[in-house]
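Each chain, letter by letter, is given below.
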Amino acid sequence: MASAKVNYQRALDAALAELVREGKTPRLLLHACCAPCSSYVLEYLSNYFHITVLYYNPNISPEEEYQKRFTELERLIKALPAGHEIRLLGGRYEPERFYEQARGLEQEPEGGERCLCCYRLRLTEAAEQARAGGFDYFTTTLSISPLKDAQKLNAIGRELSEQYKVAYLYSDFKKKDGYKRSIELSREYGLYRQDFCGCVYSRAARESAPAEKCR
């Protein structure tokens, strides 16, 4: 019997309400994949946290694409009104780590085991950085995409939280029209919206079966 799905937006609502009751503004390390996906999340969470955005995405290829997304994220953070200051931390570009994780999974479909390994790779770096930096929480913007499974993302976050002893902020940012709001903000700030997730495999899938822009 399959386990019931968890409503992670409800879990986030409860966590934020508790912070307000306690009068706390914790430090959050937010892994970000790109500016469009970060836009709504930063607008939303900066009212509750001091945020440091971690841009760590060794899956992105080529390096020019990686740098372009970083530059757009940097531009967004400078322009976006925020409840509390937002800082940006540029992670190392380590494509060899992604290819090592993807070895043997090259033919997996989008959203399959290769993608789960990629999520874990990026979230592990976030957990390590959060522990090293003394952050109260860590999380990722990835759940804002309609193509990303929030159940699996949060399950990985839960495991890493237990391993690294840093609280994971459960979320499903596509809820409450989060994805729709990210599109509106992307238009408002003229953000570059990529049409593939980032890796060579997602680019190939995009070219063989065109889909709506921005994952």
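Now for a description of the structure that goes with this document. (Residues numbered from 1 in each chain as written. Predicted model: local features only at pLDDT ≥ 70, side-chain atom pairs only at ≥ 80, totals over all residues. Heavy atoms only, no water.)

For the rest of this paragraph, the subject is the pairing of strand β3 (residues 86–90). Side chains on a regular strand alternate between the two faces of the sheet. One ladder, built from five bridges, connects strand β2 (residues 50–55) with β3; its direction is parallel. Note that in β3 the partner of T52 across the bridge is R87. Handedness of the crossover joining β2 and β3 through helix α3 (residues 63–79): right-handed. (Pairing = 2+ DSSP bridges. Helix = DSSP H or I, 4+ residues; strand = E, 2+ residues; numbered from the N terminus. Right-handed = clockwise from strand over helix to strand, strands pointing away.)

Strand order in this open sheet of five strands is β3-β2-β1-β4-β5, and the pairing throughout is parallel. Of all strands in the sheet, those with a lone pairing partner are β3 and β5 (167–168), marking the two edges. Pairing geometry for strand β4 (residues 137–140) and β5, over two bridges, is parallel. Within β5, the residue paired with F138 across the bridge is Y168.

The subject of this paragraph is the packing of helix α4 (residues 95–102) against helix α5 (residues 113–133). Relative placement of two packed helices is described by the angle separating their axes and the distance separating the axes. Here α4 crosses α5 at 140°, and the two axes come no closer than 9 Å. When the interaxial angle is binned, α4 and α5 end up oblique. Between α4 and α5 lies a crossing whose hand is right-handed. On α5, the residues that touch R97, F98, Q101 and A102 of α4 are R114, C117, C118, L121 and E125. Taken together, the residues of the contact of α4 with α5 break down into five nonpolar, one polar and three charged. (Axes fitted to C-alpha atoms, helices over the stretch in contact; angles between N-to-C directions. Parallel < 35°, antiparallel > 145°, perpendicular 65-115°, else oblique. Left-handed = near helix turned anticlockwise from the far one by under 90°. Contact = heavy atoms within 4.5 Å. Nonpolar A, V, L, I, M, F, W, Y, C, P; charged D, E, K, R; others polar.)

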